[in-house]
Amino acid sequence: MSPNSERRMTAEEFIQDIALHKLDLNHETLLEQFWFKEDGRVVANIGEKNGPICGPVLPYRIENDDCLIIGEGDIQFSWTGFRIERDKLSVLCGGETKNYSITRIEKKQCYLP
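Conventions we followed
- Residues numbered from 1 in each chain as written.
- Predicted model: local features only at pLDDT ≥ 70, side-chain atom pairs only at ≥ 80, totals over all residues.
- Heavy atoms only, no water.
- Helix = DSSP H or I, 4+ residues; strand = E, 2+ residues; numbered from the N terminus.
- Polar contact = N/O pair within 3.5 Å; in protein donor to acceptor, adjacent residues only side chain to side chain.
- Contact = heavy atoms within 4.5 Å.

K.L.:
Run through the side chain of Ser101, naming residues and quoting values.
P.N.:
Take Ser101: it is sitting in strand β10 (residues 96-104). At 3.0 Å, the side chain of Ser101 forms a polar contact with the side chain of Asn26. Separated by 3.4 Å, the side chains of Ser101 and Lys88 make a polar contact. Discounting chain neighbours no more than four positions away, the residues touching Ser101 are Lys22, Leu23, Asp24, Asn26, Asp87 and Lys88.

This is the structure in structure tokens:
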């Protein structure tokens, strides 16, 4: 993908591309950070900037090829309309467009003593 291109993708393509990346919501007051792990889980920080936050580890699942459901029960996000341009992600969530910054994270090696 060239650095100036915009790409629309299915939920499965999104998951394959976003592993080992951190997503940060671009919003004045809300905090949403997601780390998509290779093991099928999402580590999240969710809350308000300068306010209370929670840090759950959430499952995710794909529905109908183009819908990603993150979480379950009281904490759940439904994303569709994935678009990545450079280091920015745009998704539809609850009828609203949400924009996230994408940061690559290095895979940490764990060594047992």
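K.L.:
Run through the environment of Arg8, naming residues and quoting values.
P.N.:
Mapped onto the elements, Arg8 comes out in strand β1 (residues 6-8). Along the chain, Arg8 and Phe82 lie 74 residues apart, while their C-alpha atoms are 5.7 Å from each other. In this structure Arg8 touches Phe82 and Arg83, once residues within four positions along its chain are discounted.

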